[in-house]
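Structure at a glance
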Amino acid sequence: MTALPPHLETAVHRARDAQANAYAPYSRFRVGAVLECADGTLVPGCNVENASYPAGLCAERGALAAAVSAGHRTFVRVVIVTDADTATPPCGMCRQALVEFNPALEVVSMAADERLAIWSLRDLLPSPFTPASLTND
Ligand code: THU
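Residues numbered from 1 in each chain as written. Predicted model: local features only at pLDDT ≥ 70, side-chain atom pairs only at ≥ 80, totals over all residues. Heavy atoms only, no water.

The subject of this paragraph is a nonpolar patch on the surface. The grouping of Tyr23, Tyr26, Val48, Tyr53 and Leu57 at the surface amounts to a nonpolar patch, some 510 Å² of accessible area in total. Within the secondary structure, valine 48 is located in the loop between β2 (42-46) and α2 (59-69). Here valine 48 falls in the partly exposed class, since its relative accessible area comes to 39%. (Patch = residues over 30% accessible without salt bridge, like charges linked within 9 Å, V, L, I, M, F, W, Y side chains within 5 Å. Areas by Shrake-Rupley, 256 points an atom, 1.4 Å probe, with all protein chains shown as cover. Salt bridge = Lys/Arg side-chain N within 4 Å of Asp/Glu carboxyl O. Helix = DSSP H or I, 4+ residues; strand = E, 2+ residues; numbered from the N terminus. Buried < 20%, exposed > 50% of the residue type's maximum accessible area, 1.4 Å probe, protein only.)

The environment of the ligand is formed by Ser27, Phe29, Val31, Asn47, Glu49, Cys58, Ala59, Glu60, Pro90 and Cys91. The separation between an oxygen atom of the ligand and a polar side-chain atom of glutamate 49 is 2.5 Å. A distance of 2.7 Å separates an oxygen atom of the ligand from a polar atom in the side chain of glutamate 60. A per-class count over the shell around the ligand returns six nonpolar, two polar and two charged. (Near = heavy atom within 4 Å. Polar contact = N/O pair within 3.5 Å; in protein donor to acceptor, adjacent residues only side chain to side chain. Nonpolar A, V, L, I, M, F, W, Y, C, P; charged D, E, K, R; others polar.)

Looking now at unusual backbone geometry. The backbone of arginine 28 shows a phi angle near 60°, a positive value even though the residue is not glycine. Looking at the element boundaries, arginine 28 is found in the loop between α1 (6-19) and β1 (32-37). What makes arginine 28 exposed here is its relative accessible area of 67%. The phi dihedral of glutamate 114 is positive, around 75°, even though this residue is not glycine. Tracing the backbone shows glutamate 114 in the loop between β4 (106-110) and β5 (116-120).

Scanning the model with the defined rule gives two aromatic pairs in all. Ring geometry for tyrosine 26 versus tyrosine 53: centroids 5.3 Å apart, planes at 40°, classification tilted. Highlighted residues: tyrosine 26 in the loop between α1 and β1 and tyrosine 53 in the loop between β2 and α2, separated in sequence by 27 residues. The partly exposed category is assigned to tyrosine 26, whose relative accessible area is 39%. On the numbers, 5.7 Å between centres and 70° between planes, the contact of phenylalanine 75 with phenylalanine 101 is edge-to-face. Taken together, the residues phenylalanine 75 in strand β3 (residues 75-81) and phenylalanine 101 in the loop between α3 (92-99) and β4 connect sequence positions 26 residues apart. According to the relative accessible area criterion, phenylalanine 75 is buried, its value standing at 3%. Looking at phenylalanine 101, the relative accessible area reads 29%, which means it is partly exposed. (Phe/Tyr/Trp six-rings, centres within 6.5 Å; stacked < 30°, edge-to-face > 60°.)

In structure tokens form, the structure reads like this:
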């Protein structure tokens, strides 16, 4: 098993704390996320489901909304934790939400056995639709 690199320890612990707050009575798939800002601030999020299923929110977008609401816009990494057997990548909607702020965001995901997967958002979302896509030039 890959040992947890020291620079990820705090973010993983904060993500596990956030995961404990996950509201996932429908899927029972509990997710915690931490968005690491350029200044080192760690902003947590968890998934928040809803009886009207499509109204549910993923942990990553919860963290993103909290971070932007607190004035952060430059992100270096997102850390995702679940209790799944394999490290899960962020869903498509979260990839799109995150690419807005950093197409090269580092995406770290930890499975139940603490094994890590690490990607660049560039590889998870090639040819992204970004703010530049809205210009006519
Ligand atoms: N979920 C996340 O929080 N992040 C992801 O990237 C994938 C899925 C949540 C949404 C839902 O509450 C549960 O996991 C099952 O899909």
